[in-house]
Amino acid sequence: METELVWLRGELRLADNPLLDIAPSVSERLVVFVIDEALLDGTSADGVAGIGARRLRFLWQCLKELRGTLLKKGSDLLVAVDEPVSLVARLAEQYQVTRVVASEAAGGDDQLERLARCLPRQCRLERRGAGTLWTSQTLPMTLDEVPASWSAFRRRLGEASPRSHSRPAPATQPAWPERAPRGLPSLQRLSREADALNDAPDSAGLAFVGGEAPAWQRLDDVVWESDLLATYQQTRNGLIGAGFSSRLSPWLALGCVSATQVLEALREWEDRRGANASSRHFYHELLWREYFHWAARQEGKALFGDPPSSPGQAFECWRLGATGQPLIDAAMRELTVSGWLSNRARQLVASYLVHDLGEDWRHGAAWFERCLIDHDVASNWGNWKYIAGVGRNAKPRIFDIDEQSRRYDPDERYVRHWKELSLQPSSYEALGH
Ligand SMILES: Cc1cc2nc3c(=O)[nH]c(=O)nc-3n(C[C@H](O)[C@H](O)[C@H](O)COP(=O)(O)OP(=O)(O)OC[C@H]3O[C@@H](n4cnc5c(N)ncnc54)[C@H](O)[C@@H]3O)c2cc1C
């Protein structure tokens, strides 16, 4: 009988999670999530971003909930702060693990390449597709064939449709190896700033709380309670409010809910209510996510570009919401306080940083990575490149901020809202910025 180690790097759910499938030969299993110690120190292994207090709090909540779910199934979760690759290799050695299972990741999977080199001889590494609608086996093109542009990707998909039936949660899980470490550190131990935050609904009336159950609650609200799929096309460019878009991105990014589960709910709604332009548009957005994910896998490390030179003073003003451009400042304050931004606001602040202030897009992407509770490597770095017009999308997307303000915030409700919530320097410290 075998001992397996599942290394979670996302996909923090029990249902529809191929990483938690059980091979008949597996009798014991460790399920491990490693918080990179370098992230808590303020920089990641690539020297980029670190993790802000909001993002860390959301991640911790997801891990805590998953641990509760796994315990009920006879398993457990180990969350450790360490250098991820060396910890996984050490555990594999110590507990005579014969197989490490991990998900495929975007942006040059340096971690798995390093892990493959340092695992003990008896242990093999198995990569499983998870988190996207298609897998490398089902995508109707090879990775090399993923086209440069979104529209060509969409054309290439044609009428192909991905699996839209999710897999139920497994009834049980293999036993935890005797004497193996388990559990997760308290949030206070990880970060006092993150622990001191609260989960009161944000100014839009929505509380982002991490975990599989809150994810399902939001999915039900969006699909069945608010009927967003009937109006999404008209509302999706909103800036203020809880219901103009799904706000599912934090749970999708951490894998508390899978893209397939979201698609399944969408198809069920369409079966009952009839497909319309809004529901089709929502599907189209899931395909944008898909596009960035496959593009990021194709690009590997090139996704991140070369390390930029130090940011200028303009970047600092942008980051602090102090550029003097009201809409941009409002959005940057929202990002700091809530860890989330609408798609419209993301596009505008990205365009402003790169095309108006002349700063390097990579500083913006790294700042987003630090702050966003829905940070997703492929979607974040891919969208930044897309706006900047570098790499596969060599056409800059430049937004006229004054015109956009008139169109999307005509009565300045959004600007006034965030202006009233003017941030003191201490607010930034409280959020670990
Ligand atoms: C500069 C920039 C950085 C971004 N960084 C991230 C990020 O780190 N993580 C992230 O999930 N999204 C990112 N996005 C994409 C998009 O802004 C968010 O997914 C969306 O705003 C989340 O809100 P929602 O869940 O209400 O989306 P909805 O409008 O309800 O869309 C449903 C889902 O479709 C997907 N989606 C929608 N638009 C996009 C898009 N343009 N690219 C990729 N997926 C999309 C998301 O998973 C989203 O949850 C970024 C966009 C820009 C312009």
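Just so it is clear, the structure is predicted and the values come from calculations on it, not from any experiment. (Residues numbered from 1 in each chain as written. Predicted model: local features only at pLDDT ≥ 70, side-chain atom pairs only at ≥ 80, totals over all residues. Heavy atoms only, no water.)

(A) Structural view of the domain arrangement of the protein chain. With domains assigned, the protein chain is organised as domain 1 (2-130), domain 2 (192-299) and domain 3 (313-430). The C-alpha-based centres of domain 1 and domain 2 are spaced at 25 Å. Contacts between domain 1 and domain 2 engage 21 residues on the former and 24 residues on the latter. Together domain 1 and domain 2 conceal approximately 1,900 Å² of surface at their shared face, both sides included; 52% is due to carbon and sulfur atoms. Applying the counting rule to domain 1 against domain 2 returns two salt bridges. A salt bridge links Glu104 to Arg297; the nearest nitrogen and oxygen atoms lie 2.9 Å apart. At the junction of domain 1 with domain 2, the criterion picks out 17 residue pairs in polar contact (both at pLDDT 80 or more). Residues that form the side of domain 1 that touches domain 2 fall into these classes: eleven nonpolar, three polar and seven charged. (Domains from an automatic or database assignment. Contact = heavy atoms within 4.5 Å. Buried area = accessible area lost by both parts, 1.4 Å probe. Salt bridge = Lys/Arg side-chain N within 4 Å of Asp/Glu carboxyl O. Polar contact = N/O pair within 3.5 Å; in protein donor to acceptor, adjacent residues only side chain to side chain. Nonpolar A, V, L, I, M, F, W, Y, C, P; charged D, E, K, R; others polar.)

(B) How the structure looks around the side chain of Ser103. Looking at the secondary structure, you find Ser103 in strand β4 (residues 99-103). The contacts of Ser103, once residues within four sequence positions are left out, are Trp7, Arg9, Leu19, Asp109, Leu112, Arg128 and Ala130. (Helix = DSSP H or I, 4+ residues; strand = E, 2+ residues; numbered from the N terminus.)

(C) Region of interest: the nonpolar core. Counting 92 residues, the largest nonpolar core has Leu5, Trp7, Leu8, Leu12, Val100 and Leu115 as the members making the most contacts within it. Excluding its chain neighbours within four sequence positions, the residues that come into contact with Leu5 are Leu30, Val32, Val88, Leu91, Ala92, Val97, Arg99, Val100 and Val101. Ala296, Ala350, Ala366 and Ala388 belong to the second largest nonpolar core, which has 38 residues in total. (Core = buried A, V, L, I, M, F, W, Y, C linked by side-chain atoms within 4.5 Å. Buried < 20%, exposed > 50% of the residue type's maximum accessible area, 1.4 Å probe, protein only.)

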